[in-house]
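Reading the structure
The chain contents come next:
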Amino acid sequence: MSISNITVFMPSVLTLIGIPGLEAVQCWIGIPFCAMYLIAMVGNTLLLIIIKSERSLHEPMYLFLGMLGATDIVLGTSIVPKMLGIFWFHVPEIYFDSCLLQMGFIHTFQCIESDILLAMALDRYVAICYPLRHAAIFTHRLVIQIGTAVTLRAIFLGVPCLILIKFRFHFYHTTIISHSYCEHMAIVKLAAENVRVNKIYGLFVAFTVAGFDLIFVSLSYIHIFITIFRLPQKEARLKAFNTCIAHICVFLQFYLLAFFSFFTHRFGAHVPPYIHILFSSLYLLVPPFLNPLVYGAKTKQIR
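What you see is a predicted model; the values in this text were computed from it and never measured.

**Focus: a nonpolar patch on the surface**
Nonpolar side chains collect at one region of the surface, where Val25, Trp28, Ile31, Trp88, Phe89 and Val91 lie side by side and expose about 620 Å² of accessible area between them. Its place among the elements puts Trp28 in helix H1 (residues 26-53). On the accessibility criterion, Trp28 (59% relative accessible area) is exposed.

**Notes on the state of the cysteines**
One pass over the full model with this rule turns up one disulfide. Cys27 takes part in no disulfide bond, and the closest cysteine sulfur, belonging to Cys34, lies 13 Å away. Judged by its relative accessible area of 33%, Cys27 is partly exposed.

**So, the pattern of salt bridges**
Oppositely charged side chains can form a pair if their charged atoms are brought close together. If you walk through the whole model with that rule in mind, you get four salt bridges. A salt bridge links Asp115 to Arg153; its shortest N-O distance comes to 2.4 Å. With Asp115 in helix H3 (residues 96-129) and Arg153 in helix H5 (residues 140-168), this pair connects stretches of sequence that are 38 residues apart. Classification of Asp115 by relative accessible area gives buried; the value is 5%. Ionic pairing is found between Asp213 and Arg153, a salt bridge with its closest N-O pair at 3.7 Å. Placement of Asp213 in helix H7 (residues 196-229) and of Arg153 in helix H5 is noted, with a sequence separation of 60 residues between them. You can call Asp213 buried: its relative accessible area is 0%. One connected set of salt bridges, linked through shared partners, spans Asp115, Arg153 and Asp213.

**Digging into the environment of Tyr283**
For Tyr283, the location among the structural elements is in helix H9 (residues 273-298). When the C-alpha atoms of Tyr283 and Ile137 are compared, they prove to be 33 Å apart, with 146 residues separating the residues in sequence. At 3.4 Å, the side chain of Tyr283 forms a polar contact with the side chain of Gln110.

**With respect to the packing of aromatic side chains**
Throughout the structure, instances matching the rule amount to 13 aromatic pairs. Centroid distance Phe9 to Phe171: 5.4 Å. Interplanar angle 50 degrees. Geometry classified as tilted. One end of the pair, Phe9, is in strand E1 (residues 8-9); the other, Phe171, is in strand E4 (residues 171-172), with 162 residues separating them in the sequence. The class of Phe171 is partly exposed, set by a relative accessible area of 27%. Taken together, a centroid distance of 5.8 Å and an interplanar angle of 80 degrees make the contact between Tyr125 and Tyr130 edge-to-face. For Tyr130, a relative accessible area of 38% translates into the label partly exposed. Put simply, the rings of Phe96, Phe169 and Tyr172 touch in pairs and so form one group of aromatic residues.

Here is what the cut-offs are and how they apply
- Residues numbered from 1 in each chain as written.
- Predicted model: local features only at pLDDT ≥ 70, side-chain atom pairs only at ≥ 80, totals over all residues.
- Heavy atoms only, no water.
- Patch = residues over 30% accessible without salt bridge, like charges linked within 9 Å, V, L, I, M, F, W, Y side chains within 5 Å.
- Areas by Shrake-Rupley, 256 points an atom, 1.4 Å probe, with all protein chains shown as cover.
- Salt bridge = Lys/Arg side-chain N within 4 Å of Asp/Glu carboxyl O.
- Helix = DSSP H or I, 4+ residues; strand = E, 2+ residues; numbered from the N terminus.
- Buried < 20%, exposed > 50% of the residue type's maximum accessible area, 1.4 Å probe, protein only.
- Disulfide = S-S within 2.5 Å.
- Polar contact = N/O pair within 3.5 Å; in protein donor to acceptor, adjacent residues only side chain to side chain.
- Phe/Tyr/Trp six-rings, centres within 6.5 Å; stacked < 30°, edge-to-face > 60°.

Here's what the structure looks like:
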């Protein structure tokens, strides 16, 4: 119900326009996006089947990899079907509550993915720096506890974002979201009310998750590299480094895309919208697509 010429009261339906400025070629953009999604689904499903069926892979590193694969499947499925519906079938409408649900899934599983990468870095840190104590420290019970803690942390950080939007905002400037999926700041910018609390909490979550995880992953690898370079034999150094290279590749592509998307969305006023939307979409699509390929190619046991 419109209460003025410029505000809408509690809209039931929102409209996703896809990639602003590239509407004419969105049908072609959907082809590589669909291909990446299908490869991601097949690759991560195969990873889960291999890890589950092969008892020798029931170790912390591969259990974390299985968690990462499951997270990637949910993350990709949360955005790609609706995105392709916009690109190919011109179905941009989405129910307001469905939009919030999609936003919740995206940000929750992004947080889970970041935390799993941190857990994998800590596992490599203990395995290389304290090899004799690794089995005693990283038990199956600890892996389950880490998985539970990671999930609960993501939920506790993500749910307030939904509540702050659902119950604080009643009036909206427009129902059109200039994005290809429901992203927190993209929805917040629609509101015709004070959004300062939402912006502050969004920044808090971003720096709590990405900042905390990035710092501890970086510290873990600094210690790992120091330990590796102190090894007396070249073969031992290469072997130790090879056990980390896949994780380093995944870690770099995840955080580089994450920080580019984050900073351009909040501070990149001069960055064309289509550049931001493309990179933020790739940020969600590339990790699920690359993770099984990287780990499948670089991990001898999985090959």
